[in-house]
Amino acid sequence: MADGLFQLDLRARAPRLRWFHQLPAGASNLARGDLWNSEVTVTTSRGYGNTRAMAEYVLAGFLLFARGLHRAGRDQQRHRFDYRAYRPISVEGKTACVVGAGGIGQEVGRLCAAAGMRVIGTRRSGAPSGRLPEGFAQLGKPEQLNEFLAQSDFVAVCCQWTPETNGLISREAFTAMKPNTILVNVARGEIVDEDALLAALDEGKLRGVALDVYVGEFERPPDVRLWDDERIVITPHVSAGSDLSRHRGVELFCSNLRAYLDGQPLANVIDWDRGY
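A brief structural summary. (Residues numbered from 1 in each chain as written. Predicted model: local features only at pLDDT ≥ 70, side-chain atom pairs only at ≥ 80, totals over all residues. Heavy atoms only, no water.)

A count of helical and extended segments in the protein gives 9 helices and 9 strands. In terms of overall dimensions, the protein is globule-like: its C-alpha atoms have a radius of gyration of 20 Å, near the 19 Å expected for 276 residues. A principal-axis box enclosing the C-alpha atoms of the protein has dimensions of 65 × 40 × 35 Å. Counting all 276 residues of the protein, 49% fall into the buried class. Pairs at least 24 residues apart make up 64% of the contacts formed inside the protein by residues separated by at least 6 positions. Carbon and sulfur atoms make up 51% of the accessible area of the protein, which totals about 14000 Å². Positive and negative charge centroids in the protein, built from 33 and 33 side chains respectively, lie 4 Å apart. (Helix = DSSP H or I, 4+ residues; strand = E, 2+ residues; numbered from the N terminus. Rg over C-alpha atoms; globule rule 2.2 N^0.38 Å. Buried < 20%, exposed > 50% of the residue type's maximum accessible area, 1.4 Å probe, protein only. Contact = heavy atoms within 4.5 Å. Areas by Shrake-Rupley, 256 points an atom, 1.4 Å probe, with all protein chains shown as cover. Lys, Arg positive; Asp, Glu negative; His and termini not counted. Charge placed at Lys NZ, Arg CZ, Asp CG, Glu CD.)

Structural data, given as C-alpha cells:
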C-alpha cells in the first residue's frame with residue numbers, strides 16, 4: 001500500500017508484485033510508472049477519502065465569492081473599505097453543477113442541497129439504474145456538460161483526471177457558463193485549461209475561482225498569473241484536510257486483503273482503459 005509518491009520502476013524492482021493499493025482516490029499519479037497497463041492488479045481508495053472535508057471546501061469556496069469575502073484582504077491591506085465591491089449574493093435557490101458526481105461529487109451535492117441550492121451534475125455512467133444521488137435534481141452524461149454549465153451559477157470540478165477529462169473545462173466550457181459563475185476545482189489542475197480560465201477572467205465571465213490544484217502542482221509553483229489575480233484563491237491541495245479524519249483507505253485495503261487471500265474479486269480495481 002502506498003500514498004501518492006512511488007517508484008516509477010516499481011514493477012521492475014519487484015517482479016513478483018501481484019497487487020498494489022494506494023491511498024489516493026485518483027490514478028493519474030501512476031500513469032508515468034511501469035504499473036500502468038501491466039498485469040499487476042492496482043486498486044485505489046476512490047470514494048473512501050475525506051469526502052466530507054472536500055465538500056466543505058467546495059461550499060466554502062462558493063460562499064467566499066458569493067459573499068464577496070475575498071475583497072476583505074485587499075481592503076485590510078489598503079486600510080480602506082470599498083463597500084460597493086462586495087456585491088453579496090445568496091446561494092439559496094441558485095444552481096450548482098457538480099462535474100464528476102462520484103464519491104466526492106456526491107458529498108458536494110448533498111452539502112449544496114442542504115444549503116438550499118439546486119444541484120445538477122455529470123457522471124461518466126450517468127445516473128446509476130436511473131436513481132439520482134441524494135440532493136441531485138438532475139444527473140447526466142459528460143456530453144451534457146455544456147448544457148448543464150449554461151444553467152449553473154456555481155461549478156465544482158470533482159472528476160478524475162484521465163485523457164478524456166484533460167482540459168475538460170475548456171474555452172468552450174467557459175463560453176457556455178453564465179456570467180459571474182463561481183468555479184471551484186478540487187480534482188486535478190489539468191482538468192481546467194488555465195489559459196482559458198485566465199481569458200474568462202479577463203472577459204469578466206467569472207465572479208471568482210477557488211483552486212486547490214493547478215497544472216503541474218507536483219513539479220513547479222503555480223502560474224504567477226494565478227497568484228496575482230484577486231478573483232482567484234489558490235491553496236496547496238489541502239481540501240481533504242480536517243481535524244476529523246474520515247479517510248477509509250486502510251479499511252478498504254484490509255477488506256481487499258481478505259478478499260485477495262480468499263481468491264475473491266477486489267474493490268476499486270483500476271480499469272486501464274477508463275483511467276481509474
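From this point on, the discussion continues.
Bringing unusual backbone geometry into the picture now. Positive phi, close to 40°, is recorded for Arg87, a residue that is not glycine. With respect to the helices and strands, the residue Arg87 is situated in the loop between α3 (71-78) and β3 (95-99). Under the relative-accessibility criterion, Arg87 is labelled partly exposed at 42%. With a phi close to 65°, Asn268 is a non-glycine residue in the positive phi region.

Time to look at the packing of aromatic side chains. Tallying each qualifying case throughout the model produces 5 aromatic pairs. Where Trp19 meets Tyr260, the ring centres are 5.4 Å apart and the plane angle is 25°; that geometry is what we call stacked. Of this pair, Trp19 sits in strand β1 (residues 19-21) while Tyr260 is found in helix α9 (residues 249-261), placing the two residues 241 residues apart along the sequence. The exposure class of Trp19 is buried, given its relative accessible area of 12%. By relative accessible area, which is 38% here, Tyr260 ends up partly exposed. (Phe/Tyr/Trp six-rings, centres within 6.5 Å; stacked < 30°, edge-to-face > 60°.)

In this section: the nonpolar core. Counting 29 residues, the largest nonpolar core has Ile169, Phe174 and Leu197 as the members making the most contacts within it. At the level of elements, β3, α5 (145-149), β6 (154-157), α6 (171-176), α7 (194-202), β8 (206-211) and β9 (232-234) are the ones that each hand at least two residues to this core. Among the nonpolar cores identified, the runner-up in size contains 27 residues, and Val98, Leu111, Phe154 and Cys158 belong to it. (Core = buried A, V, L, I, M, F, W, Y, C linked by side-chain atoms within 4.5 Å.)

Once that is clear, we can look at the pattern of salt bridges. This structure, assessed with the given rule, holds 15 salt bridges. Arg225 is the partner of Asp223 in a salt bridge, and the nearest nitrogen-oxygen pair spans 2.8 Å. Residues joined by salt bridges that share partners form a network here, namely Arg52, Glu56, Glu107 and Arg110. (Salt bridge = Lys/Arg side-chain N within 4 Å of Asp/Glu carboxyl O.)

The next point concerns the sheet that holds β6. Taken together, 7 strands build an open sheet; the order of strands is β5-β4-β3-β6-β7-β8-β9 and the sheet is parallel. At either end of the open sheet lies a strand with only one pairing partner, and these are β5 (136-140) and β9. When strand polarity is set aside, the average angle formed by the axes of neighbouring strands in this sheet is 15°. Here β8 pairs with β9 via 3 bridges, running parallel. For Val209, the partnering residue across the bridge sits in β9 and is Ile232. Where helix α2 (residues 51-66) meets the sheet, its contacts fall on β3, β6, β7 (181-185), β8 and β9, and the angle it forms with β7 comes to roughly 150°. (Pairing = 2+ DSSP bridges. Axes fitted to C-alpha atoms, helices over the stretch in contact; angles between N-to-C directions.)

Attention now goes to the environment of Ala53. Relative to the assigned elements, Ala53 resides in helix α2. The spatial distance from the C-alpha of Ala53 to the C-alpha of Val108 is 9.5 Å, given a sequence separation of 55 residues. Not counting residues within four places of it along the chain, the set of residues in contact with Ala53 comprises Ser239, Ala240, Gly241 and Ser242.

Bringing the environment of Leu252 into the picture now. Following the sequence through the fold, Leu252 ends up in helix α9. The exposure class assigned to Leu252 is buried, which follows from its relative accessible area of 3%. Sequence separation between Leu252 and Lys141 is 111 residues; the distance between their C-alpha atoms is 28 Å. Among residues more than four places away in sequence, those in contact with Leu252 are His21, Thr44, Ser45, Tyr48, Ala267 and Asn268.

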